[in-house]
Each structure stands twice: as C-alpha cells, then as structure tokens.
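# Structural overview
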Amino acid sequence: MFVTSSALSFPSLSFSGLSHQFNYSWSHLPCTRFFRATTRRFISTTTNPTITPMEEDNPGHVKYQLSKLLKVSLDTVAPELNLEPLVTICPAKFPGDYQCNNAMSAWKLIKGTRPEFRSPNAVGQAIKDNVPASEMIESCTVAGAGFVNIFLSSKWVAQSIQKMLTKGIKIWAPKLQVTTAVVDFSSPNIAKEMHVGHLRSTIIGDTLARMLEFSNVKVLRRNHVGDWGTQFGMLIEYLFDEFPNWEDLGEQAIGDLQAFYKSSKQRFDDDPVFKERAQKAVVLLQGGEDKYRKAWTKICEISRREFNQVYQRLAVDLEEKGESFYNPYISEVLASLSNQGLIEDSEGARVIFIEGKNIPLIVVKSDGGFNYASTDLSALWYRLNEEKADWIIYVTDVGQSLHFDMFFSAAKRAGWLPAGENLYPKTSHVGFGLVLGDDGKRFRTRSSEVVRLVDLLDEAKTRSKAALVERGKATEWTAEELEQTAEAVGYGAVKYADLKNNRLTNYTFNFDQMLSDKGNTAVYLLYAHARICSIIRKSGKDIEELKKTGIIVLDHADERVLGLHLLQFAEIVEDACTNLLPNTLCEYLYNLSENFTRFYTNCQVVGSAEETSRLLLSEATAVVMRKCFFLLGITPVYKI
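Residues numbered from 1 in each chain as written. Predicted model: local features only at pLDDT ≥ 70, side-chain atom pairs only at ≥ 80, totals over all residues. Heavy atoms only, no water.

### Focus: the overall build of the protein chain
The helix and strand inventory of the protein chain stands at 25 helices and 17 strands. Across the 640 residues that make up the protein chain, the buried fraction comes to 54%. For the protein chain, the exposed area adds up to about 28,200 Å²; of that, 50% sits on carbon and sulfur atoms. (Helix = DSSP H or I, 4+ residues; strand = E, 2+ residues; numbered from the N terminus. Buried < 20%, exposed > 50% of the residue type's maximum accessible area, 1.4 Å probe, protein only. Areas by Shrake-Rupley, 256 points an atom, 1.4 Å probe, with all protein chains shown as cover.)

Here it is, written out as structure tokens:
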C-alpha cells in the first residue's frame, strides 16, 4: 500500500517537439525554447513499501502474510498506537521460524497507562493471543522481552512449494511499489576499451535490472556512454591529420581504437597548435559541421562494436542513451534552474550551492562549457518527465559518491525530487569498490596496462574449458556441449566472484579461486544444480507428471529446513532489490545449496518410500536455483 501527499508537487519541465528516440542522423539536436509547467505528486511509502495488493496466485511472501495477521493483533492489543508489525526471520538463538519484535517498543509507549501490561513479556503474550487463526501458523510462543516466535505449519509450507511447482516461480515474485525504474550502468567512454573497471558496473547493474524486472517493474536499461565532449575534437583532428582519405580507408584508418586514442592524446598534450585545432574542432562538431559529424559517427560505431563483444559474452542488454542524447536539453534545463534562482556566478563559473558542502556543484565551466553535472541534471530531468521513472539508479564506483550526493541535492533544491528518503520519485547511487590484483593494487597486466575486459572473459572461458577437458568431458560430450558449458562456467565464475561480495568493498580478482569447484563459487553452485538434475533423471520418473499427481511432505527435519528456505526466496529478492545489494541473493543461493546437500545426505531420495515427495522437493530446489542464476546473469548447466 502507499499514500500520496496532496500538499506536495514539483515543477516538471517539458520540451515540446523534441524527439524521444535517439538516432545518429543528429535529427535530435534542434531544441525548442520554451517549457510547459506540469505537476507531479510525491508518493510516500508505508513500513512495507514494496508491497501492493496481491493477486490470488501470489498472496505475498511469508513475511508480508505474517505482517497482515500481526497487524490485526497489534490493532487489537494497542489500537491507539497504530503500530506496523516488525517481523523478521527468527534468529538462531530463538526457537521458531519467524519473530514479531513489537512488544518492547509498544510497552515503552503504553507503560503506566495500561496496568495489564506490567512488562514487555505481557505485551508479547497479548500479541500472541490475538493473532487470528491461520492455516499458515502452527503455533506461537513468547520469549524474553516479549519476542513472539512463530512456527509455520509444515503442511502449509509444503503446499506453498507445490503450488509454485505447478503454477511457476513467477507467483513468488515480489511486488514492488515502483512502476518504472531507470538503471544507468556500464557507461564506458567512446574510443576507449572496456576494461575490468567497467566489469562491476555492468554485472551489478544487469543483476539489479533483472531482479527489478522479475518483480514486475518496467526497467529502462540505460547505457550512458561518454560520446560527447572535448576528447572528440582531439580524435577527429588526429584522424584528419593522419589519414586525409579516412573515408575511403574506413575502419582501417583507425585500427586499434585504444592505440589510436593514446596517440591522439599524446599529440594533444605535446603539440599546442594541434591542441588549439582540436578545441576548435569541438565547436565545429557541436555546431553540426557535416565532415565532423561523419567522423564522430564512425568513431562511435567502431566503439560500439567493441562494447558489444563484451555485452554479448556477458548476455547483457542495454539501450544506449549517451551524453550526446541529452546535450540538446542542457541549455533549457539550466535556464529553468537559473530562473528559480538556483544557479549563481562564482569565480567565472556558474554553480549551484549545496547546503553542508564546502564546494559548489559547477554546472557551467569558466570557459562556458558544460560538464558532467550539466549533462546529469538534463538526463535526470528527461528520465523524470519524459520516461516517467519512479526510481533512477546509477551504478558507478564509490569514487563518484560526492558528485551524486551533490547532484541529487541540487535536484531536491529544484523541487524535482522530494526531500524525504522514503518518497518517490527517488534517485540512488549504487557505489562499488575496486577490483584488485593479488598484490592488493588495482588490477592490471604485468606491463601496468589496464586489463581489457574481452581478454579477461576469454581467459575465464579458456581455463574453464581446460578444466573440463582434464575431467574427460571432451570425449563424453559434443564439441558444442563443451563450448557452451565452458562459457557458462567461465563467465558465470567471473560474475559470481564479483556479485557475492558486498559491492561497497574492494575484491581481489583471482582465476584460481573463482574457478574452484569448492566453497562459495559459481562452479560449485552450477555443479550442485547439475547434480540435482542428475538425481531426477536417474530416478526415471516424469517430473512434470509428478507435479500433477504427487504430494510434498516435510516430515524429516532436513526436509523442513530446505522447504522453509525455498519459501523465503521472494523476500530475499525483495530485500536485495530494496537495498540494492546483489550479494544478499548470492548468500541465499549458497545456503540453499548447502541445505540441499544436508537434505540429500540424510534423506534417501531415489528408491525410498518418500521418493515422490523428495523428487518434487529436489525439483523445487532446482527451479529456485535456476531463477537465482538467471537473476545473477549466470547460465545454468544441467550435466557435469
């Protein structure tokens, strides 16, 4: 549920006549000179911000359903407090599956006014006694300072898993309040190679987008490439100097794009005459001079092909809207902010002062040029007003945290964003740490060059294939099976090694560790999934038929632990989305694999009296693992 604030609105600017689709004929460059004012309400969240009324097949995850029951109890026990349930998975030191933790805080508010509640424990007892009867709850107990421990019905857990198997895992998708989200990630610079530094943004951004999409959010995957700015004057002039007939030579004139960039930069730094011509070339390019447009287009095309080699290997989909797309909007956006009195002159530049910051946000440089802040403000305006995004997420390294903090603050000053943290539309910066080498320094080649991402991914596949060949798979499998498995394991290992870490920390890139089949690695998890598939195949049973006729029973303790863990999938995905932390999902996946291993060790599956139930539980585990892999951008393997 959510409510709207009727008292709040903010100015929403609109460019009449601008094309919303970027094409490289430059037809998007002309810009009108007026705005029309509209309004947009801010939306506030409740304590359960990510939940809306559920469809019949998807009544919400366990925590949500328990919260609805406990809300009835809390309103009965202390209606004057209007408490929202505080429900968590039960800590290990307490018996139970889930826990309600409202008693202590409620007691502090009502002690002295309600003589029947002499202690937090008494409040907890009242909460327990007023929980409505439900098929999902087996029993409740109260411990310590009023902690209400909830035991779920094993029968209900089993039925919930069985329902997922017959109707599909989509019924376990969380329901987020957000309708439309922009995820801005990867964002390499044109004319430069993608390197390992882009790996984290690309992988983390793709996973966040996948989780939001699974949660029924419309996700606009944006690649905000650096395709505009002073470097293009340098590149174009160098192209004209070195290859006067570049149009006839085509891509051969540029050759290795990274080497071409380095050579032009060296010339720019060493030759003042060339530098002056390069600066003038920027003006000609931005003014629409045909010769310069064509050269710019060719350089961008070559870069895109390089980028696509990486995206293809990583199976990442993006829509490019680079800096050039937003360039036509900058003047009008800044004029509007200036009219609001937000932009001021400071030491020859145009700036926005941010409360609590020692330096201002520069939006027009002293030479009159625009910069990242001016582009980012225009992009944000476009995303809020043209794309109607509720949540705009930027995935970049933590080194840019100050920029985003100031940029978001400027947008709030302008009234584009609400001041409160739990109000929509909102923006979030998803920062991440560095990728390090074994020496603890930034990951580079032995010659101190930045590692090319294509080379790194190819190396992961090569090593993965070598390990499979060593295990004799080259003789057991077809060449196609070997290639596909090597790709799935190699690329998956690189992704998982990144995603399993808290994104804010640095992590060490080590092929041996990430390609190990032991411990918390993609290889271990992929093999675990393949083993489950093998168990089901070897049973000789038609698993699809069993889904229709079989019944899951969770009588053994390890069966119940596994079943409960499966049922927590939806709330884990929700937490990962809400907190923008993919490692939450990785931890869940690893623990799921460990729980299955314990179950399989202690509970005979094939040939047991409980074979049908345990095969269905195994299938449910495989289904959830596959969805976890998909959300992490990893391709599952079915035999190993």
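Here the narrative resumes, following the displayed structure.
### Structural notes on the packing of aromatic side chains
Counted under the stated rule, the structure contains 25 aromatic pairs. When the centroid spacing of 5.9 Å and the interplanar angle of 70° are considered together, the rings of Y326 and Y382 count as edge-to-face. Within this pair, whereas Y326 is found in helix α12 (residues 323-326), its partner Y382 is found in helix α14 (residues 372-385), the two being separated by 56 residues in sequence. Its relative accessible area of 2% is what places Y382 among the buried residues. (Phe/Tyr/Trp six-rings, centres within 6.5 Å; stacked < 30°, edge-to-face > 60°.)

### Here's the deal with the pairing of strand β15 (residues 426-432)
Across the seven residues that make up β15, a large majority, six, are buried. Alignment of strand β13 (residues 391-397) against β15, held across seven bridges, turns out to be parallel. Each bridged residue has a counterpart across the sheet, and for I393 the counterpart in β15 is S428. (Pairing = 2+ DSSP bridges.)

### Considering the pattern of salt bridges
One pass over the full model with this rule turns up 45 salt bridges. Where E387 meets R222, a salt bridge forms, and the shortest distance between an N and an O atom there is 2.8 Å. Of this pair, E387 sits in the loop between α14 and β13 while R222 sits in strand β8 (residues 218-223), placing them 165 residues apart in sequence. Neither E387 nor R222 differs from the other in exposure class; each is buried. Between K465 and E483 there is a salt bridge, with the nearest N and O atoms lying 2.4 Å from each other. You can see K465 sitting in helix α16 (residues 453-470) and its partner E483 sitting in helix α18 (residues 479-499), a full 18 residues away along the chain. On the basis of relative accessible area, E483 is assigned to the partly exposed category, the value being 27%. Bridged by salt links that share partners, the residues E237, D241, E242, R267, D271 and R277 form one connected network. (Salt bridge = Lys/Arg side-chain N within 4 Å of Asp/Glu carboxyl O.)

### Side note on the sheet that holds β8
Reading across the sheet, the five strands line up as β9-β8-β7-β13-β15 and stay open at both edges, with parallel pairing between neighbours. Of all the strands in the sheet, just β9 (319-320) and β15 have a single pairing partner and so form its edges.

### Examining helix α24 (residues 583-602)
The terminal C-alpha atoms of α24 lie 29 Å apart, and with 20 residues this matches the ideal 28 Å at 1.5 Å per residue to within 8%. The set of residues buried in α24 consists of N583, L585, C586, Y588, L589, L592, S593, N595, F596 and F599. Those residues of α24 that are buried are in contact with α5 (196-214), α18, α20 (522-539), α22 (557-567), α23 (569-579) and α25 (611-631). (Expected span 1.5 Å × (residues − 1). Contact = heavy atoms within 4.5 Å.)

### Focus: the nonpolar core
Of all hydrophobic cores here, the largest spans 166 residues; its most connected members are W172 and F569. Once residues lying within four places of it in the same chain are set aside, the contact partners of W172 are S160, I161, M164, F214, L566, L567, F569, A570 and V624. Among the nonpolar cores identified, the runner-up in size contains 35 residues, and V182, I352, I354 and F408 belong to it. (Core = buried A, V, L, I, M, F, W, Y, C linked by side-chain atoms within 4.5 Å.)

### Considerations on the sheet that holds strand β6 (residues 147-152)
Ordered by their spatial adjacency, four strands build an open sheet running β3-β4-β6-β5, and the pairing between neighbours is antiparallel. The two strands at the open ends of the sheet, each matched to only one other strand, are β3 (87-89) and β5 (137-143). Ignoring strand direction, the axes of neighbouring strands in this sheet form an average angle of 25°. The sheet contact formed by β5 and β6 spans six bridges and is antiparallel. Note on β6: the bridge partner recorded for S139 is F151. (Axes fitted to C-alpha atoms, helices over the stretch in contact; angles between N-to-C directions.)

### Digging into helix α11 (residues 290-314)
Each α-helix turn comprises 3.6 residues. Residues three or four places apart therefore point the same way. The first and last C-alpha atoms of α11 sit 36 Å apart over 25 residues, in line with the 36 Å expected at 1.5 Å per residue. Of the residues one or two after α11, A315 is the one with positive phi, at around 55°.

### Some words on unusual backbone geometry
The omega torsion across Y424 and P425 is 0°, close enough to zero to call that bond cis. For P425, the location among the structural elements is in the loop between β14 (423-424) and β15. Located in the positive-phi region is S187, a residue other than glycine, with phi close to 50°. Inspection of the secondary structure assignment puts S187 in the loop between β7 (180-184) and α5. Positioned with a positive phi, K388 is a non-glycine residue whose angle comes to about 55°. Mapped onto the secondary structure, K388 falls in the loop between α14 and β13.

### What about the pairing of β8?
When you tally the buried positions in β8, you get five out of six residues, the bulk of the element. Sheet topology note: the β7/β8 ladder contains five bridges and is parallel. Looking at β8, one finds that T180 is bridged to K218. Handedness of the crossover is the feature at issue here: the chain leaves β7, passes through α5, returns alongside β8, and the resulting connection is right-handed. Across two bridges, β8 lies against β9 in parallel orientation. Residue pairing across strands places R222 opposite E319, the latter belonging to β9. (Right-handed = clockwise from strand over helix to strand, strands pointing away.)

### Describing the confidence of the model for the protein chain
Overall, the prediction assigns the protein chain a mean pLDDT of 88, with 90% of residues at 70 or greater. pLDDT under 50 marks residues 1-41. Its contacts with residues more than four places away, or in other chains, come to 104 contacts. Considering only residues more than four positions removed or in separate chains, one finds that residues 44-55, a stretch of pLDDT under 50, has 34 contacts. (pLDDT = per-residue confidence, 0-100.)

### Notes on the environment of Y372
In this fold, Y372 is placed in helix α14. Through-space distance from the C-alpha of Y372 to that of E323 is 8.8 Å; in sequence the pair is 49 residues apart. Each residue touching Y372, except ones within four places of it in the same chain, is listed here: E323 and H403.

### Remarks on the environment of I359
With respect to the helices and strands, I359 occurs in the loop between β11 (349-352) and β12 (361-364). Residue classification places I359 among the partly exposed positions, given a relative accessible area of 48%. When the C-alpha positions of I359 and M406 are compared, they lie 9.5 Å apart, and in sequence the two are 47 residues distant. The contact partners of I359, leaving out residues within four places of it in the chain, are L402 and M406.

### With respect to the packing of α11 against α16
Where α11 meets α16, the closest approach of the two axes is 9 Å, and the angle between their N-to-C directions is 30°. With respect to their mutual orientation, α11 and α16 come out roughly parallel. By crossing handedness, the relation of α11 to α16 is classed as left-handed. Taking contact as the criterion, the partners of Q309, V310, R313 and L314 in α11 are, on α16, L453, V454, L457 and D458. Here the contact of α11 with α16 is built from residues that sort into five nonpolar, one polar and two charged. (Parallel < 35°, antiparallel > 145°, perpendicular 65-115°, else oblique. Left-handed = near helix turned anticlockwise from the far one by under 90°. Nonpolar A, V, L, I, M, F, W, Y, C, P; charged D, E, K, R; others polar.)

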